[in-house]
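Chain and residue survey
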Amino acid sequence: MLRRRLNRLCGGDEKRVDSRTIYVGHRPCPDTEAFIPSKFCDNRIVSSKYTVWNFLPKNLFEQFRRIANFYFLIIFLVQVIVDTPTSPVTSGLPLFFVITVTAIKQGYEDCLRHKADNEVNKYLVTVLEDGRSVKKESEKIKVGDVVEVVEDETFPCDLILLQSSREDGTCFVTTASLDGESNHKTHYTVPDTEKDLQALTATIECEQPQPDLYKFVGRMHIYKPEQEPAVRSLGPENLLLKGATLKNTKKIYGVAVYTGMETKMALNYQGKSQKRSAVEKSINAFLLVYLCILISKAVVCTTLKYVWQSKEGQDEPWYNQKTQKEKDTNMYLKMFTDFLSFMVLFNFIIPVSMYVTVEMQKFLGSFFITWDKDFFDPEIQEGALVNTSDLNEELGQVEYVFTDKTGTLTQNNMEFIECCIDGFQYKHRDTWSEVDGFTVTDGPVNKLQQKAGQEKEELFLRALCLCHTVQVKEAGSEEVLTDQVDGIDEMRPQLEEERGFIASSPDEIALVKGAMKYGFTFLGLESKSMKIKNRENNIEEYKLLHVLNFDPVRRRMSVIVQTKSGETLLFCKGADSSIFPRVKPEEVDRIRMHVERNATEGYRTLCVAFKQLSAEEYAVADTGLREARLALQDREEKLIAVYNQVETGMSLIGATAVEDRLQEEAAETMEALQGAGMKVWVLTGDKMETAKSTCYACRLFQRGTELLELTLRTLEDERLKREEKLRELLQEYHRKAVQDAPPVKAGVTRSWSTANQDYGFIIDGATLSIVMNPQHEVDASQYKSLFLQICQNCTAVLCCRMAPLQKAQIVKMVKTSKGSPITLSIGDGANDVSMILEAHVGIGIKGKEGRQAVRNSDYAIPKLKHLKKLLLAHGHLYYVRIAHLVQYFFYKNLCFILPQFLYQFFCGYSQQPLYDAAYLTMYNICFTSMPILAYSLLEQHISIEILLDNATLYREIANNAMLRWRPFLYWTLLGIFQGLLFFFGVRFLFSNPALQDNGQVFGNWSYGTIVFTVLVFTVTLKLALDTRHWTWINHFVIWGSLAFYVFFSFFWGGIIWPFLKQQRLYFVFANMLSSVSAWLVIIILIILSLLPEILLVVLRKPRGPHSRQVYLSLPFPFWILPFYHIHPILCYSP
Amino acid sequence: MMASSYNAKDEDGHLPGSVGSGGPGAVKSKKPDNTAFKQQRLPAWQPILTAGTVLPAFFMIGLIFIPIGIGLLVTSNNIKEFEIDYTGVDMSSPCFSCSQNYSWNSTSACTCSVPFTLDQPFESNVFMYYGLSNFYQNHRRYVKSRDDSQLNGDKSSLLNPSKECEPYRTSDKKSIAPCGAIANSLFNDTLELFYNHPNGSKITIHLEKTGIAWWTDKHVKFRNPGGNNNNLSSVFRDTSKPVNWHKPVYELDPSDPDNNGFVNEDFIVWMRTAALPTFRKLYRIIQKKKDNMTPTLPPGNYSLEVTYNYPVRSFDGRKRMILSTISWMGGKNPFLGIAYITVGSVCFFLGVVLLIIHHKYGNRNNSADIPN
């Protein structure tokens, strides 16, 4: 929707052009014949839905799109227009109430969005205009403006970097809020832009906005006086994205290329569509059934009415003449209005009050989430937040959990855990949380069993200190440089990464810090020479000759350094799989064990190797590297070839283990979710290795899990093209995971026994995009279905290197797959917003990466560990409550209206209501609404502790178990049974209406009142039977409602009401109570109606694999075993 | 009681330093209150309905209901009831000619005498009902066709009745009192009862015409306009009688001012619309004799003298006269007794069956389920 609006905003004419031309600083260029300032949209971000003007019509329109609201509107209109048995107030008032409450709620929510938008749009930025810096509101930035951004500010729009305060023309940014990577990325200025931006005359040609964060193509024409215009190509490294933050650079200037809704961030942001819960879908389905019942009732009555009337003397007997108007009315019009009148008479079968009650239940019920003190996090002094209460029950239905990794599963805090030098394990005794700065002084390396040689040790530590691309933050920035001084920094572990070291990957910092703990401190790189301080506090200096950069295919990096003594050394670190083949095999065995153990414990392991280069060797490598760097064609390939050539014959000196610290209780939470039958998918923008080790640490992957990998690396195959290879792999995995696996039983009985082979699936973003958009359209659906089938048979799925929109795509794909499972997304950063919005339920974590996720989520919790209680306890209870609420509402209105329907057969199909208007109106509002509301707020059929302890209980309500057709049928039959009983029980009693001991007779209103009394008592007691958790509130409302009914009836019948046209109920209730027969019939009908329920209690039997103690301590609610309602005897089958 | 004691807030100590201690204006911690209600920990009674608790209930229901049912059935059977149809559909029926020759305009009343025999004596008070069949007093158009404020003695409604009374609202440009279809169709047959003494004499049985309507209807809901003005004809001066009536409302019972006009009990009884198309309405009460020796209605031959005014043949209706004694549960109706006996027996039977099943299966599978 947003995108459509975007097109409207930005003018259609521009769409046809493939590229846009931007005049830097709006200065016309000498070359172009005319300066045509093209129109682009402004830099305003709009996430709100309504404006003041369109709120009323738009909101009303949206509300009446709801089937129920529309229905009630129609009923109301019919009542207004046609002469109907009940007054329009009976349906108009509740409808008005519902509409108003919803409108206020939605208006308030939209108001909050406006506020948030304004916060962004009114933010002041500095724009360079005619040589002066002007402060402007962010929304006023136009394409072509030159914008100044200072350190730690976020970019207000997508900018091309023109000038940086750093000398080398670079700047650092962090895109944490965009893709979740919190490391610093280097961006470059466009070469040859002049220092004086005022003199710069240039145009930029670039592609039209597109959502891919990592793609940008453009070129810049720079015009200089008396020179040919220079052309510079622009790539993603020149583009600063809106939402990213400038780091470690004092200020930059950039020219706006995409603004407002055209920025990549906005394009990645998905419109907020109204989420609807599965329960609401069930309600709508039930509603249709009841609508059919209603219409058929009306049709039956109308037809019978005319059949009955055709008999002589029936239609208009002498005692009951029609009015002149009625006589004049056209027969067919009469039939139609009769039909409508019946509709109105029976319309209570579809209860408007149910919607009110459901809304109230959701709204009030959600407070229990905010009130829960278990969700309170002392660190941020906040508890859980509920942004929408519409989805409470959806929390009990989740089948797929999509979780972000960084910041959600992990704390994104890299920590050096241990290393292994020459086969000996070194473990640092203290953890980050303690003040351990001083351990460095009292013994650098703790010997665990045996110690490697001193020389090896130092070599290893030197390697850690040298083999990286870490930069030390310059002194003179606002923060004091602390890293040389041990201790101080260590005391603030949360902030350290930002503090001293800057690196493209947080684990490099962890390694450098690890080395520091053991006595080797990296001091920095100055004009190609690296300084380290060794254990003896001497400064060692190394000349950095070459850096062999890390890339994901080689999965290692190296440095070549020259010592003071002139030795040339190569240090290499990388993944075990890429190092082991390049070192001597006998060294591998000693270390492999450690590496594998560490890997399964969830640590990120790296192996460190070194090699001494002779002068000749170095000379060869040096020339090779230089040549390759200068190559114009195939530079990458050539470089890699040289790298591979150099990095051979090394000797392995050790391995490191770095932990990306998990969130508290992450593993337990994941285990509980899996135990509850949910499938957990990890979607991350991070590297595969990192993500994989996290999965191991969270016990999503376990030792026995067989990993099925579908990444660019596995697709590399000389023989085949990528796509063919992909097809091959997909089919192979499919065979493995789907066809060979024993058939998994659907539903509650799903076995998750460990006897089966567990599969884990790994896919990366690039491969996923091939799966989603293959070259041949025909393959798309095949790939997708293969992919989905594999995933559904895996216990855990890991998707790495995902762009935000890809995350949403995955969620969408699963969401729309067969059976449309309920999905939940949980994340903490702006990069997770799209998937949070896409999933049925979006959970935001109140993490460090800003508030976007929280703002866009449906629920926000402070920590991942809270997810367990949120789903297993709150979700479960909400679902049970609301499901019971819905079923109960349909049931109670069915047995309310059925007698009224049956009465038509005895009153000449004349639409005579059985109950008095007051009873008709009050039934749903007063007499029976409070007990069910209290039930739906307070019921705990299983106590919270047991729900938390037994994750498997969650599966009992999986697949909307309580709102499927079978329980619905049960409730409907119960309603019909009771309705028939009420009506005919009283009907037989009234075969002699002389029911009092003074021989006086009862009339039709007494009849209705007896039926109604039985009805109110029965439905209330039925609820009492279902209540498993009787708090004083339940007692109060259940007995209070009954007492209120009696009191009201006395009151209503006790006075001649001046405003009533007819005193129908005058003393009817009191007279009824004076009749013994009436008492007796009420008692027996109530007992008889509840008898089946009570019978079921006896027949209810525990079954299934669940632990007996659960059943013994708790009565298991019978509606979970709906089948037994219909065939209770079956309960005895084993 | 329970509520107050458990709902009291017993707050956790706040984290030190986390809350500003500057009184009410200080920033309040967002830490949720640790109350039983908010934490969903209200003390609760968790009843467990098990076979052990329910089975005795079944037996109890059985044991209580069966005697009640028997009592009800016996009571109902002891009630004497006699019913006679005097519509005059058959040629042989004494009222045949009356029913055939009926016309609204006839000024002379058609009378007929229906003989009947009571086999058993009717003890204590005997209640005389008239019954109508296929008469839809519960038709919507009919039910709403009345003006209760007019009947309550409201002057303005008397002269300007409610629209609901159409088409029985005005006649000859005068408002009708009482207006509406119900009042218009007031049952106007006159029933009289005679006992044919074996010695040949015909004894009139005294029929009490008061005490047949609900007390509240007679004294509160229905009131004559004009308050205590006994001159009803002047009160109803500007109104017209209902079209089908032979006499105006203030002449319903000229002999008794407390039973005349809107408070006439026959009228009030008729105005309480029946629930079903076949119904009976109390017509007269035959008080039991002062001496307890002779029954109110001894067995023998009786004749029912009908002044036949009320046409029912046009809609295929029937008219009946019913004589009935009354017990504490009202008129004769075996339904309740049968229902109680049936339900009681079913419960008892189910209890036995369940007990057997439970002993057979319950012990083996889940013996722990039964206690509590």
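Residues numbered from 1 in each chain as written. Chains lettered and ligands numbered in written order. Predicted model: local features only at pLDDT ≥ 70, side-chain atom pairs only at ≥ 80, totals over all residues. Heavy atoms only, no water.

In this section: the overall build of chain B. Broken down by element type, chain B carries 11 helices and 11 strands. Among the 372 residues that make up chain B, the fraction classed as buried is 51%. Counting only contacts in chain B whose residues sit at least 6 apart along the sequence, the fraction spanning at least 24 positions is 78%. Total accessible area computed for chain B in this model is approximately 17,300 Å², and 55% of it derives from carbon and sulfur atoms. (Helix = DSSP H or I, 4+ residues; strand = E, 2+ residues; numbered from the N terminus. Buried < 20%, exposed > 50% of the residue type's maximum accessible area, 1.4 Å probe, protein only. Contact = heavy atoms within 4.5 Å. Areas by Shrake-Rupley, 256 points an atom, 1.4 Å probe, with all protein chains shown as cover.)

Ranked by internal contacts, the top residues of the largest apolar core, which has 199 residues, are Trp270(B), Leu304(B) and Leu323(B). Among the elements that make up this core, the one with the highest residue count is helix H28 (residues 866-904) of chain A (18 residues). There are two domains that each give this core at least three residues, and those are domain 1 (55-79 + 333-354) and domain 2 (81-325) of chain B. Setting aside its immediate chain neighbours within four residues, Trp270(B) contacts Tyr130(B), Leu132(B), Phe135(B), Gln137(B), Tyr142(B), Ile182(B), Ser185(B), Leu186(B), Phe187(B), Phe279(B), Lys281(B) and Tyr310(B). Counting 57 residues, the second largest nonpolar core, distinct from the first, contains Leu662(A), Ile845(A), Ala1024(A) and Leu42(B). (Core = buried A, V, L, I, M, F, W, Y, C linked by side-chain atoms within 4.5 Å. Domains from an automatic or database assignment.)

What follows concerns the domain arrangement of chain B. Here chain B is partitioned into domain 1 (55-79 + 333-354) and domain 2 (81-325). The straight-line distance from the C-alpha centre of domain 1 of chain B to that of domain 2 of chain B is 39 Å.

For the rest of this paragraph, the subject is the side chain of Lys846(A). Position of Lys846(A) among the secondary structure elements: in the loop between strand E32 (841-845) and helix H27 (852-856). In terms of polar contacts, Lys846(A) uses its side chain to reach the side chain of Glu382(A), at 3.0 Å. (Polar contact = N/O pair within 3.5 Å; in protein donor to acceptor, adjacent residues only side chain to side chain.)

What follows deals with the sheet that holds strand E31 (residues 823-827) of chain A. Residues and elements named next belong to chain A. The strand order E14-E33-E32-E31-E15-E27-E30-E29-E28 describes an open sheet built from nine strands, whose pairing is mixed. Where the open sheet ends on each side, the last strands, each with one partner, are strand E14 (385-386) and strand E28 (706-710). Pairing of E31 with E32, which is carried by four bridges, proceeds in the parallel orientation. The residue bridging Leu 824 from the neighbouring strand is Val 841, located in E32. Sitting on the sheet, helix H25 (residues 804-815) touches strand E15 (400-403), strand E27 (679-683), strand E30 (796-800) and E31, and the angle it makes with E27 is about 160°. (Pairing = 2+ DSSP bridges. Axes fitted to C-alpha atoms, helices over the stretch in contact; angles between N-to-C directions.)

One face of the sheet, then the other: side chains in a regular strand alternate in exactly this way. All names here are of chain B. Of all eight residues in strand E9 (residues 279-286), eight are buried; the element is thus mostly enclosed. In this sheet, E9 lies alongside strand E3 (residues 126-133) in antiparallel orientation, the contact comprising seven bridges. Its bridge partner lying in E9, Tyr 129 is registered against Leu 282.

So, about the state of the cysteines. Working definition of a disulfide: a covalent bond connecting the sulfur atoms of two cysteines. Residue and element names in this part refer to chain B. Using the criterion set out here, one finds three disulfides over all chains in the structure. There is a disulfide in this structure between Cys 98 and Cys 110, and the S-S distance comes to 1.7 Å. Between Cys 98 and Cys 110, the disulfide has an S-S torsion of -90° and is therefore left-handed. With Cys 98 in helix H3 (residues 96-100) and Cys 110 in strand E2 (residues 110-118), this pair connects stretches of sequence that are 12 residues apart. Here Cys 165 is linked by a disulfide to Cys 179, with a sulfur-sulfur distance of 1.9 Å. Of the two residues, Cys 165 is situated in the loop between helix H6 (155-159) and strand E4 (170-171) and Cys 179 in the loop between strand E5 (174-176) and helix H7 (181-184); the sequence distance between them amounts to 14 residues. (Disulfide = S-S within 2.5 Å.)

Here the UniProt-annotated "transmembrane region" (unreviewed entry) positions come out as residues 48-74 and 335-357 of chain B. End C-alpha to end C-alpha, residues 48-74 of chain B measures 39 Å, and it is 89% helix and 0% strand. (UniProt positions renumbered as here; feature names shortened; annotations may be inferred.)

Taken together, the contact between chain B and chain A spans 102 residues of the former and 106 residues of the latter. For the pair chain B and chain A, the two sides together bury roughly 9,000 Å², of which 60% comes from carbon and sulfur. At the junction of chain B with chain A, the criterion picks out three salt bridges. The salt bridge partner of Arg141(B) is Glu326(A), with a shortest N-O separation of 3.6 Å. (Buried area = accessible area lost by both parts, 1.4 Å probe. Salt bridge = Lys/Arg side-chain N within 4 Å of Asp/Glu carboxyl O.)

All names here are of chain B. Read across the sheet, three strands follow the order E4-E5-E8 without closing on themselves; strand pairing throughout is mixed. Looking at strand neighbours, the two that pair on one side only are E4 and strand E8 (239-240), the edges of this open sheet. Here two bridges tie E5 to E8, and the two strands are oriented parallel to one another. The residue of E8 that forms the bridge with Ser 175 is Thr 239.

In this section: the packing of helix H7 (residues 278-310) of chain A against helix H9 (residues 331-346) of chain A. All names here are of chain A. The N-to-C vectors of H7 and H9 enclose an angle of 135°; their axes lie 9 Å apart at closest approach. Judged by the inter-axis angle, H7 sits oblique to H9. For the crossing formed where H7 meets H9, the hand is right-handed. Note on element contacts: H9 touches H7 through Met 331, Lys 334, Met 335, Asp 338, Phe 339, Phe 342, Met 343 and Phe 346, opposite Leu 294, Ile 295, Lys 297, Ala 298, Val 299, Cys 301, Thr 302, Lys 305 and Tyr 306. Tallied by class, the residues present in the contact of H7 with H9 amount to 12 nonpolar, one polar and four charged. (Parallel < 35°, antiparallel > 145°, perpendicular 65-115°, else oblique. Left-handed = near helix turned anticlockwise from the far one by under 90°. Nonpolar A, V, L, I, M, F, W, Y, C, P; charged D, E, K, R; others polar.)

Residues and elements named next belong to chain A. Structurally, the position occupied by Leu 980 is in helix H32 (residues 965-989). When its relative accessible area of 35% is taken as the criterion, Leu 980 is described as partly exposed. Along the backbone, Leu 980 and Pro 899 are 81 residues apart, and their C-alpha atoms lie at a distance of 6.7 Å. When near neighbours in sequence (up to four residues on either side) are disregarded, Leu 980 contacts Leu 898, Leu 902 and Gly 985.

Once that is clear, we can look at helix H23 (residues 765-772) of chain A. Extensive coverage of H23(A) is indicated by the burial of six of its eight residues. When H23(A) is considered as a whole, its buried residues turn out to be Gly765(A), Thr767(A), Leu768(A), Ile770(A), Val771(A) and Met772(A).

Leave glycine aside and you will find that most residues have negative phi; peptide bonds, for their part, are mostly trans. Here Glu166(B) and Pro167(B) are connected by a cis peptide whose omega angle stands at -5°. Counting through the fold element by element, Pro167(B) comes out in the loop between H6 and E4. The omega torsion of the bond from Ala177(B) to Pro178(B) falls at -10°, within 30 degrees of zero and hence cis. The residue Pro178(B) is located in the loop between E5 and H7 in this model. For Gln381(A), which is not glycine, the phi torsion reads 60° and is therefore positive. Take Gln381(A): it is sitting in the loop between helix H11 (367-371) and E14. For Lys173(B), which is not glycine, the phi dihedral falls at a positive 60°. Tracing the chain through its elements places Lys173(B) in the loop between E4 and E5.

Under the criterion given, the structure shown has 93 aromatic pairs over all chains. Summarising the aromatic geometry, the rings of Tyr319(A) and Phe135(B) are spaced 3.8 Å apart at their centres and angled 20° between planes, so their arrangement reads as stacked. Taken together, the residues Tyr319(A) in the loop between H7 and helix H8 (324-328) and Phe135(B) in the loop between E3 and helix H4 (140-143) connect one chain to another. The buried category is assigned to Tyr319(A), whose relative accessible area is 2%. Both rings, one in Phe402(A) and one in Trp681(A), keep their centres 5.3 Å apart while their planes meet at 65°; by these two values the pair is edge-to-face. Taken as a pair, Phe402(A) in strand E15 and Trp681(A) in strand E27 lie far apart in primary sequence, 279 residues in all. As far as burial versus exposure is concerned, Phe402(A) and Trp681(A) are alike and both buried. The ring centre of Tyr129(B) lies 5.4 Å from the NZ or CZ of Arg280(B), which sits over that ring. (Phe/Tyr/Trp six-rings, centres within 6.5 Å; stacked < 30°, edge-to-face > 60°. Lys NZ or Arg CZ within 6 Å of the ring centre and 35° of its normal.)

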